[in-house]
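Geometric and topological summary
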Amino acid sequence: MQIKPILTAMRHHKAGTVLIALQIALTLAIVCNALFIIQQRTARMSRPSGVDEANLFVIRSDWTDKSDAQRIDAQMQADLIALRQLGSVQDAAPTNSFPLRGSGWDNFIKLQPDQVKMTTDAAMFFSDDHTLATLGTHLIAGRNFTASEIGAQRPRDAMHAAQVIISKDLARRLYPDGSVLGKTIYVSMGRGPATVIGITDTLQAHMISSWANAYAYNAVLVPARLLNDYTYYLVRARPGQLDAAMRDAPKALYAQSRMRIIDRKDGVMSFAQVRQRAYERDLGMAILMGIISVVLLAITAAGIVGLTSFWVGQRRKQIGVRRALGATRGDILHYFLTENLLIGFGGVLVGAVLAIGINLWMVTQFEMARLSLVYVVSGVVVLLLLGQGAVLGPALRASRVSPVEATRSV
Amino acid sequence: MFSYYLELALRSLRRSPGLTALMVLAIGFGVAASMTTWSVFRAVSGDPIPWKSSQLFVPQIDNWGPNGRSDDGEPPNAMSYADAMALMRDHRAKRQSAMYQVSPSVVPAEAGKHPLNVSGHAVYGEFFPMLDVPFKYGSGWSESDDTNRATVVVISAKLNQKLFGGASSVGKTVNIEGKDYRVVGVLDDWNPQPRFYDVVNTGGFSTTGDDVFLPFLTAIQTSMPNDGNTNCNAVPEESGFVGLQHSECVWIAYMAELDGAAAATSYRNYLNDYSREQQQAGRFRWAPNSRLRDLPAWLDNQHVVPSDTKVSLLVALGLLLVCLVNTVGLLLAKFLRRSGEIGVRRALGAQRAAIYAQFLTEAGIVGLAGGVLGLLLTGAGVASVGWVLPRDIAALARVDVSLLLLTLLVAVVATMLAGLYPTFRASRVQPAWQLKSN
């Protein structure tokens, strides 16, 4: 197929050519970035939490009388005994926060007491000797807390954790050579050294904002019950008994004492709900970008069909002449496909530059990651195929123009 | 003449229903996507108190020094107790209030009713006139209530409905954290979004409003702990809530009302003077690094508008742009197909202006039809936006008359703009050439 005559013919409908190319360019630029956003969000959403999500749920209990810390402590211990005795419950533990919660305590971690800048940041999970079993998170080194190591403290008390268990990602961050076990670290802004007695497998922090991406898997388990105005109980149901446990547990707590508030709406949340809540923004963005991409591709394809149909209609006589002069149907078909491919190439060339430009601008404006070239390349392929698919119908119609048309006037 | 063009346009559109439908669909989808994301963007980026936002200022004092600053040299975004109290004591603004977020439990008077957790703020009496807070019953409290640590409370209309069935509760008592407070005022519906008076603790948006407002000093005296963020650069020397008050941890939001630029400049000087005094007293070991931003600048600085909302709006506008380019192409095809008709009309003496009028009318009708489709889709879009956005943000997006009008206007104007070039081409058709080829 000769390209030169096609280019010459294109000059006769410059405006249409430019418009299709422009549309392809813009569509490529937007769809590339939209798909990239979708990929980024779904990758975030599928990060593992490191806990036994299928059987885990959390209860938030607010105390109606917050004045007496000792009574709160006694109540918490009674609550835990009651929860652990339930038939549908495997284990339970008190905490201030949990993976994916969104807010909670995070503390600077330092290796030296007089260090000015932090080594890294990490989530603080107040824990007892049942916490690991409740979360379903395994120790990969060291040992668990013993019951006698669990203290109790009010939120504003200075934290004196003599022993801590840390997540493996934090361990690697602090001592890349793997020798963190038995070392002391400073988890409370330089106060009181804490000995690392255990390292857990993957354990996600409560922080899910993008600023905390670098710390998302840094967690420190502190051996204490936090005597706050409210407490969270992590509860792990026996396999397959999540629903029953979620019904039983609040009842058991109210049976212990009614001087508490468990919110009807979100006082009891399965971990699936926790996960959903944590990532609802990301899911929403992914869905929105998906809808926009589909609409864009559909509109671009429809636009190509519309304009090419018009050209075919306009050029029926020329096509007839070519057919009369011996051009085969395949020649006509190829002509339109090649023409579209040429326009498409022009469009994707501009579009690729535009896509990268838009991404670079978004990187500076919205803390977005750099667009991977894979998206540009696959976007180019998709749009060229889309163009060929869209032009196929009109081109087939053109190929069916009979040579007799040559003799007709318009 | 217009009605004639209208008739011509309708006839032409009917002649190629496929092409027409395509254009209407493209415009409809493009406009609906932009308007839906716009309604969300408008809701989250709007000025929560437009008549006064330029007079409301948020001061920042650098009590952490170089080690606590972020890379851009910003001081902490909230205040320590010591600084907030000093600023309240000096009282250099027309009105001002330190505030912190609380979440006390309220015990209903009726026996058997469960206690409820509410959220609220501990503020000074000037908070209410400063922010033009609307009252249904009663009013805020006086300065003497502040200094005397009176046990008074302003409650929301919602809490008033829950506790007192909606009747005026001024003078009645409410039990908050085991202590009786006298109701002095009941708010009218007031739930500004973003929660501009305390973005550092509320993060900007929240579906649940503040239900109680208590005097700041009373809350401090009763040791009502703060809810929300507490940021420390060092461990407090003493423990407990009192330890927090004596520490350099920041947890208090602050707002001041200042009339005009001169007042702002002198307040800025005052903040620097205060910081210098602290430096001389040995508390700060660095030069003053204070900030004073008016409310819009503050909301911008705190990134209150989620970047997702902006990205969505931009991507949707991109979609609209592609739809318009698409429409330009299709209109061009449509108009040029009628070169013969145009030639005849021109040969019979029609002015170029008449051709313009005819074809822009046609474009306008396509735009209008696209706009009507866009209206339906925007309605559906705003209704289902909760499906893709967090509830606290989605709840703010609304369809109102201005959005409907804007949808139609954008659709018609954009399509007519898209029709300009095709119309221009149509008006250039040479009558003689067309007649000859026929």
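Note: the structure precedes this text.
Attention in this report is confined to the structure presented alongside it. Remember, predicted model here, so these are calculated numbers, not experimental data.

1. Some details on the nonpolar core
Counting residues in hydrophobic clusters, the biggest one holds 122 residues, and the most contacted among them are Phe127, Leu131, Phe196, Tyr197, Phe213 and Met255 of chain B. Take this core: its biggest share by element is 15 residues, from helix α2 (residues 14-45) of chain A. Non-local contacts of Phe213 of chain B, meaning those with residues more than four positions away in its chain, are made with His121, Val123, Phe127, Phe128, Trp141, Val152, Val153, Val154, Leu187, Trp190 and Tyr197 of chain B. Counting residues in hydrophobic clusters, the runner-up holds 50 residues, among them Ala98, Ile155, Val183 and Ala219 of chain B.

2. A short note on unusual backbone geometry
The phi angle of most residues is negative, glycine excepted, and most peptide bonds adopt the trans form. Residues and elements named next belong to chain B. Between Gln193 and the following residue, Pro194, the backbone shows a cis peptide bond with an omega angle of -5°. Assignment of secondary structure puts Pro194 in the loop between β9 (179-187) and α7 (199-202). Residue Arg149 is not a glycine yet carries a positive backbone phi of 55°. Mapped onto the elements of the fold, Arg149 is located in the loop between α5 (143-147) and β7 (152-155). Under the relative-accessibility criterion, Arg149 is labelled partly exposed at 34%. Look at Glu177: it is not a glycine, yet its phi comes out positive at around 50°.

3. Considering the interface of chain B and chain A
The interface of chain B with chain A comprises 58 residues on the first partner and 46 residues on the second. For the chain B and chain A pair, buried surface summed over both sides reaches about 4,400 Å², with 68% attributable to carbon and sulfur atoms. Of all residues in chain B, Val235, Val322 and Val388 of chain B bury the most surface against chain A, accounting for 13% of the area lost on that side. With a shortest N-O distance of 2.9 Å, Arg41 of chain A and Asp308 of chain B are connected by a salt bridge. Summed over the shared surface of chain B and chain A, the result is four residue pairs in polar contact (both at pLDDT 80 or more). Contributions of two or more residues to the side of chain B that touches chain A are made by α2 (17-45), β4 (116-117), α9 (240-245), α12 (307-337), α15 (391-394) and α16 (401-427) of chain B. A per-class count over the side of chain B that touches chain A returns 34 nonpolar, 16 polar and eight charged.

4. Considerations on the side chain of Ser167 of chain A
Residue and element names in this part refer to chain A. Inspection of the secondary structure puts Ser167 in strand β7 (residues 163-167). Judged by relative accessible area, which is 1%, Ser167 ranks as buried. The contact partners of Ser167, leaving out residues within four places of it in the chain, are Ile199, Thr200, Leu203, Tyr217, Asn218 and Ala219.

5. Details of a positive patch on the surface
A cluster of basic side chains, namely Lys265 of chain A together with Lys158, Lys162 and Arg391 of chain B, defines a positive patch on the protein surface. Mapped onto the secondary structure, Lys265 of chain A falls in the loop between β12 (260-261) and β13 (268-270).

6. Topic: the packing of aromatic side chains
One pass over the full model with this rule turns up 29 aromatic pairs over all chains. Between Tyr335 of chain A and Phe336 of chain A, the aromatic rings sit 5.4 Å apart at their centres with planes inclined by 80°, giving edge-to-face as the arrangement. The interplanar angle of 20° and the centroid separation of 5.3 Å between the aromatic rings of Tyr124 of chain B and Phe216 of chain B together place this pair among those described as stacked. Note that Tyr124 of chain B is positioned in the loop between β5 (120-123) and α4 (127-130) and Phe216 of chain B in helix α8 (residues 216-221), a separation of 92 residues in sequence. With respect to class, Tyr124 of chain B is no different from Phe216 of chain B; both count as buried. These aromatic residues form a ring-pair network of at least three members: Phe127, Phe128, Phe135, Trp141, Trp190, Phe196, Tyr197 and Phe213 of chain B. It is Arg60 of chain A that lies over the ring of Tyr230 of chain A; its NZ or CZ is 3.7 Å from the centre. The ring of Tyr254 of chain A is capped by Arg258 of chain A, whose NZ or CZ atom sits 4.7 Å from the centre of that ring.

Rules and cut-offs
- Residues numbered from 1 in each chain as written.
- Chains lettered and ligands numbered in written order.
- Predicted model: local features only at pLDDT ≥ 70, side-chain atom pairs only at ≥ 80, totals over all residues.
- Heavy atoms only, no water.
- Core = buried A, V, L, I, M, F, W, Y, C linked by side-chain atoms within 4.5 Å.
- Buried < 20%, exposed > 50% of the residue type's maximum accessible area, 1.4 Å probe, protein only.
- Helix = DSSP H or I, 4+ residues; strand = E, 2+ residues; numbered from the N terminus.
- Contact = heavy atoms within 4.5 Å.
- Buried area = accessible area lost by both parts, 1.4 Å probe.
- Salt bridge = Lys/Arg side-chain N within 4 Å of Asp/Glu carboxyl O.
- Polar contact = N/O pair within 3.5 Å; in protein donor to acceptor, adjacent residues only side chain to side chain.
- Nonpolar A, V, L, I, M, F, W, Y, C, P; charged D, E, K, R; others polar.
- Patch = residues over 30% accessible without salt bridge, like charges linked within 9 Å, V, L, I, M, F, W, Y side chains within 5 Å.
- Areas by Shrake-Rupley, 256 points an atom, 1.4 Å probe, with all protein chains shown as cover.
- Lys, Arg positive; Asp, Glu negative; His and termini not counted.
- Charge placed at Lys NZ, Arg CZ, Asp CG, Glu CD.
- Phe/Tyr/Trp six-rings, centres within 6.5 Å; stacked < 30°, edge-to-face > 60°.
- Lys NZ or Arg CZ within 6 Å of the ring centre and 35° of its normal.

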